[in-house]
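# Per-entry structural report
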Amino acid sequence: MPGKGESFVVRATIRTWVNQFFAQHPRFGQRGYDLLRISGIDRSTHGTKRFFETLARRGFSPQVVVDVGANYGGWSRVVKEVFKDASFFLIEPQEEMRPFLENFCQNTPGSKWFLAGAGSEQGELSLTLWDDLQGSAFLTPEVEAIMPYKRHRQVPVVTLCLLYTSPSPRDS
(Lines give C-alpha, C1' and ligand atoms only; values in the text may rest on other atoms or scores of the structure.)
Protein backbone atom coordinates (compact mmCIF):
# COMPACT_ATOMS: atom_id res chain seq x y z
CA MET A 1 0.00 0.00 0.00
CA PRO A 2 1.49 3.40 -0.97
CA GLY A 3 2.41 5.90 1.73
CA LYS A 4 0.96 9.41 1.92
CA GLY A 5 3.69 10.94 -0.29
CA GLU A 6 3.48 8.13 -2.84
CA SER A 7 -0.30 8.49 -3.01
CA PHE A 8 0.05 12.20 -3.83
CA VAL A 9 2.55 11.42 -6.61
CA VAL A 10 0.19 8.81 -8.09
CA ARG A 11 -2.76 11.25 -8.06
CA ALA A 12 -0.63 14.02 -9.61
CA THR A 13 0.63 11.64 -12.30
CA ILE A 14 -2.88 10.48 -13.17
CA ARG A 15 -4.13 14.09 -13.29
CA THR A 16 -1.20 14.97 -15.58
CA TRP A 17 -2.13 12.14 -17.96
CA VAL A 18 -5.78 13.16 -17.92
CA ASN A 19 -4.98 16.82 -18.65
CA GLN A 20 -2.65 15.81 -21.47
CA PHE A 21 -5.40 13.61 -22.93
CA PHE A 22 -7.90 16.47 -22.84
CA ALA A 23 -5.36 18.88 -24.34
CA GLN A 24 -4.81 16.44 -27.23
CA HIS A 25 -8.54 15.67 -27.59
CA PRO A 26 -10.35 18.96 -26.85
CA ARG A 27 -13.72 17.66 -28.08
CA PHE A 28 -14.12 15.66 -24.86
CA GLY A 29 -13.76 18.80 -22.75
CA GLN A 30 -16.06 20.73 -25.07
CA ARG A 31 -18.72 18.11 -24.40
CA GLY A 32 -18.25 18.48 -20.64
CA TYR A 33 -16.30 15.29 -19.93
CA ASP A 34 -13.66 14.97 -17.23
CA LEU A 35 -12.13 12.10 -15.30
CA LEU A 36 -13.00 12.26 -11.61
CA ARG A 37 -12.66 9.92 -8.64
CA ILE A 38 -15.84 8.03 -7.84
CA SER A 39 -15.01 7.91 -4.15
CA GLY A 40 -13.22 10.13 -1.71
CA ILE A 41 -13.08 13.90 -1.58
CA ASP A 42 -12.50 16.33 -4.42
CA ARG A 43 -10.29 18.65 -2.39
CA SER A 44 -10.66 21.53 -4.84
CA THR A 45 -14.38 21.91 -4.11
CA HIS A 46 -14.95 20.03 -0.85
CA GLY A 47 -17.26 22.09 1.36
CA THR A 48 -17.88 24.71 -1.34
CA LYS A 49 -21.46 23.75 -2.09
CA ARG A 50 -22.42 23.53 1.58
CA PHE A 51 -20.89 26.98 2.22
CA PHE A 52 -22.80 28.63 -0.63
CA GLU A 53 -26.03 26.83 0.30
CA THR A 54 -25.70 28.41 3.74
CA LEU A 55 -25.24 31.85 2.16
CA ALA A 56 -28.26 31.28 -0.11
CA ARG A 57 -30.44 30.34 2.87
CA ARG A 58 -29.44 33.66 4.43
CA GLY A 59 -30.60 35.59 1.36
CA PHE A 60 -27.35 35.90 -0.61
CA SER A 61 -28.17 35.66 -4.33
CA PRO A 62 -25.45 37.05 -6.63
CA GLN A 63 -26.21 38.09 -10.18
CA VAL A 64 -22.56 37.56 -11.21
CA VAL A 65 -19.94 35.20 -9.78
CA VAL A 66 -16.25 35.80 -10.58
CA ASP A 67 -13.91 32.77 -10.61
CA VAL A 68 -10.28 33.94 -10.73
CA GLY A 69 -8.01 31.07 -11.73
CA ALA A 70 -10.98 29.07 -13.01
CA ASN A 71 -8.80 26.21 -14.30
CA TYR A 72 -11.28 23.70 -15.77
CA GLY A 73 -14.29 25.33 -14.06
CA GLY A 74 -14.86 22.77 -11.30
CA TRP A 75 -15.47 25.38 -8.58
CA SER A 76 -17.86 27.34 -10.79
CA ARG A 77 -19.81 24.18 -11.65
CA VAL A 78 -20.37 23.53 -7.94
CA VAL A 79 -21.38 27.14 -7.24
CA LYS A 80 -23.70 27.12 -10.29
CA GLU A 81 -25.66 24.26 -8.65
CA VAL A 82 -26.57 26.69 -5.87
CA PHE A 83 -26.91 29.96 -7.82
CA LYS A 84 -28.61 28.67 -10.96
CA ASP A 85 -29.58 32.13 -12.28
CA ALA A 86 -26.16 33.76 -11.84
CA SER A 87 -23.83 34.62 -14.70
CA PHE A 88 -20.17 33.70 -14.29
CA PHE A 89 -16.96 35.49 -15.25
CA LEU A 90 -14.22 32.86 -15.48
CA ILE A 91 -10.66 34.18 -15.57
CA GLU A 92 -8.02 31.62 -16.58
CA PRO A 93 -4.63 32.19 -18.27
CA GLN A 94 -4.14 28.61 -19.50
CA GLU A 95 -5.19 28.04 -23.12
CA GLU A 96 -5.35 24.31 -22.33
CA MET A 97 -8.54 24.92 -20.31
CA ARG A 98 -10.42 26.38 -23.31
CA PRO A 99 -12.67 23.36 -24.03
CA PHE A 100 -13.82 23.08 -20.40
CA LEU A 101 -14.52 26.79 -20.01
CA GLU A 102 -16.23 27.13 -23.39
CA ASN A 103 -18.47 24.21 -22.44
CA PHE A 104 -19.31 25.87 -19.11
CA CYS A 105 -20.19 29.17 -20.81
CA GLN A 106 -22.28 27.46 -23.49
CA ASN A 107 -24.34 25.85 -20.73
CA THR A 108 -24.52 28.94 -18.48
CA PRO A 109 -26.28 31.84 -20.25
CA GLY A 110 -24.69 35.26 -19.79
CA SER A 111 -21.35 33.81 -18.71
CA LYS A 112 -17.95 34.66 -20.21
CA TRP A 113 -14.45 33.36 -19.83
CA PHE A 114 -11.35 35.46 -20.24
CA LEU A 115 -8.03 34.04 -21.41
CA ALA A 116 -5.93 36.06 -18.97
CA GLY A 117 -4.67 36.28 -15.43
CA ALA A 118 -6.08 38.78 -12.94
CA GLY A 119 -4.01 41.45 -11.23
CA SER A 120 -3.98 44.93 -9.74
CA GLU A 121 -3.00 46.45 -13.09
CA GLN A 122 -3.24 45.49 -16.73
CA GLY A 123 -0.14 44.08 -18.42
CA GLU A 124 1.69 40.78 -18.89
CA LEU A 125 3.21 38.32 -16.44
CA SER A 126 5.18 35.11 -16.63
CA LEU A 127 2.97 32.15 -15.72
CA THR A 128 4.78 29.14 -14.25
CA LEU A 129 3.17 25.94 -15.55
CA TRP A 130 3.17 22.52 -13.93
CA ASP A 131 2.51 19.33 -15.89
CA ASP A 132 -0.84 18.77 -14.17
CA LEU A 133 -1.97 22.32 -15.16
CA GLN A 134 -3.65 22.73 -11.76
CA GLY A 135 -0.83 24.29 -9.76
CA SER A 136 0.18 26.84 -12.36
CA ALA A 137 0.74 30.27 -10.84
CA PHE A 138 2.31 33.71 -11.05
CA LEU A 139 5.35 33.42 -8.81
CA THR A 140 7.50 36.16 -7.32
CA PRO A 141 11.10 36.17 -8.60
CA GLU A 142 12.27 34.89 -5.19
CA VAL A 143 10.00 31.85 -5.32
CA GLU A 144 10.66 31.28 -9.01
CA ALA A 145 14.41 31.10 -8.29
CA ILE A 146 13.96 28.08 -6.01
CA MET A 147 11.38 26.20 -8.10
CA PRO A 148 12.80 23.09 -9.77
CA TYR A 149 10.26 23.15 -12.59
CA LYS A 150 10.81 25.93 -15.10
CA ARG A 151 8.14 25.98 -17.80
CA HIS A 152 6.83 29.51 -18.35
CA ARG A 153 4.53 31.39 -20.67
CA GLN A 154 3.86 35.13 -20.98
CA VAL A 155 0.15 35.79 -20.51
CA PRO A 156 -2.01 38.90 -20.43
CA VAL A 157 -3.15 40.21 -17.05
CA VAL A 158 -6.34 42.22 -16.66
CA THR A 159 -8.05 43.97 -13.77
CA LEU A 160 -11.52 42.97 -12.61
CA CYS A 161 -12.70 46.53 -13.30
CA LEU A 162 -11.57 46.23 -16.93
CA LEU A 163 -13.43 42.94 -17.37
CA TYR A 164 -16.61 44.39 -15.97
CA THR A 165 -16.61 47.32 -18.40
CA SER A 166 -15.34 45.72 -21.63
CA PRO A 167 -16.19 42.81 -23.91
CA SER A 168 -14.49 39.45 -23.47
CA PRO A 169 -10.89 39.50 -24.80
CA ARG A 170 -11.55 36.21 -26.60
CA ASP A 171 -14.37 37.91 -28.55
CA SER A 172 -12.17 40.76 -29.83
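First, a word on what this report is: a plain description of the structure on this page. (Residues numbered from 1 in each chain as written. Predicted model: local features only at pLDDT ≥ 70, side-chain atom pairs only at ≥ 80, totals over all residues. Heavy atoms only, no water.)

### Re the overall build of the protein chain
Along the backbone of the protein chain there are seven helices and seven strands. Reading the helices (α) and strands (β) of the protein chain from amino to carboxyl end gives α-α-α-β-α-β-α-β-β-β-β-α-β-α. Looking at the protein chain as a whole, 33% of its 172 residues qualify as buried. Roughly 10900 Å² of accessible area belongs to the protein chain as shown, and the carbon and sulfur atoms make up 57% of that amount. (Helix = DSSP H or I, 4+ residues; strand = E, 2+ residues; numbered from the N terminus. Buried < 20%, exposed > 50% of the residue type's maximum accessible area, 1.4 Å probe, protein only. Areas by Shrake-Rupley, 256 points an atom, 1.4 Å probe, with all protein chains shown as cover.)

### Here we look at the pairing of strand E5 (residues 123-129)
Relative to strand E7 (residues 151-158), E5 runs antiparallel, the two sharing seven bridges. Looking across to E7, one finds that Leu127 is bridged to Arg153. Pairing analysis gives two bridges linking E5 to strand E6 (residues 137-138), with the strands arranged antiparallel. Bridge pairing in E6 places Thr128 opposite Ala137. (Pairing = 2+ DSSP bridges.)

### Thoughts on the layout of surface pockets
Taken as a whole, the second largest pocket spans an internal volume of roughly 170 Å³. Listed by contribution, the elements that provide at least two residues to the lining of the second largest pocket are strand E2 (87-92), strand E4 (117-118) and E6. Broken down by class, the residue content of the lining of the second largest pocket amounts to seven nonpolar, six polar and one charged. (1 Å grid on protein atoms, 1.4 Å probe; cavity = no way out; pocket = protein on both sides within 12 Å on 5 of 7 lines; lining within 4 Å. Points joined across faces, edges and corners; volume = space filled by probe spheres on them. Nonpolar A, V, L, I, M, F, W, Y, C, P; charged D, E, K, R; others polar.)

### Regarding the sheet that holds E5
In spatial order, the strands read E4-E7-E5-E6; together these four strands make up an open sheet with mixed pairing. Edge strands, defined here as strands with exactly one partner in the open sheet, are E4 and E6.

### Some words on the sheet that holds E2
An order of E1-E2-E3 is seen for the three strands of this open sheet, with the pairing classed as parallel. Strands at the two margins of the open sheet, each flanked by one partner only, are strand E1 (64-68) and strand E3 (112-115). Neighbour-to-neighbour, the strand axes of this sheet turn through a mean angle of 15 degrees, independent of strand direction. Direction of pairing for E1 relative to E2: parallel, over a ladder of five bridges. Counted as the bridge partner of Val64 is Ser87 from E2. Packing of helix H4 (residues 74-82) onto the sheet brings it into contact with E1 and E2, and relative to E1 it is tilted by some 160 degrees. Along the sheet face, helix H5 (residues 98-106) touches E2 and E3 and points at about 155 degrees away from the line of E3. (Axes fitted to C-alpha atoms, helices over the stretch in contact; angles between N-to-C directions. Contact = heavy atoms within 4.5 Å.)

### Brief notes about a nonpolar patch on the surface
On the surface, Val64, Val66, Val68 and Leu160 cluster together into a nonpolar patch covering about 300 Å² of accessible area. Secondary-structure assignment places Val68 in strand E1. (Patch = residues over 30% accessible without salt bridge, like charges linked within 9 Å, V, L, I, M, F, W, Y side chains within 5 Å. Salt bridge = Lys/Arg side-chain N within 4 Å of Asp/Glu carboxyl O.)

### Some words on the packing of aromatic side chains
Under the defined criterion, the tally for this structure stands at seven aromatic pairs. Geometrically, the ring pair formed by Phe52 and Trp75 is edge-to-face, given 5.7 Å between the ring centres and 80 degrees between the ring planes. One end of the pair, Phe52, is in helix H3 (residues 48-57); the other, Trp75, is in helix H4, and 23 residues separate them in sequence. Relative accessible area serves as the criterion here: at 26%, Trp75 is assigned to the partly exposed category. Taken together, a centroid distance of 5.4 Å and an interplanar angle of 65 degrees make the contact between Phe89 and Phe114 edge-to-face. Of this pair, Phe89 sits in strand E2 while Phe114 sits in strand E3, and the two are 25 residues apart along the sequence. Neither residue differs from the other here; Phe89 and Phe114 are each classed as buried. In textbook terms, an aromatic cluster arises when at least three aromatic residues are bridged by ring pairs, as seen for Phe51, Phe52, Phe60, Trp75 and Phe83. The ring of Phe104 has Lys80 lying over it, and the distance from NZ or CZ to the ring centre is 5.7 Å. (Phe/Tyr/Trp six-rings, centres within 6.5 Å; stacked < 30°, edge-to-face > 60°. Lys NZ or Arg CZ within 6 Å of the ring centre and 35° of its normal.)

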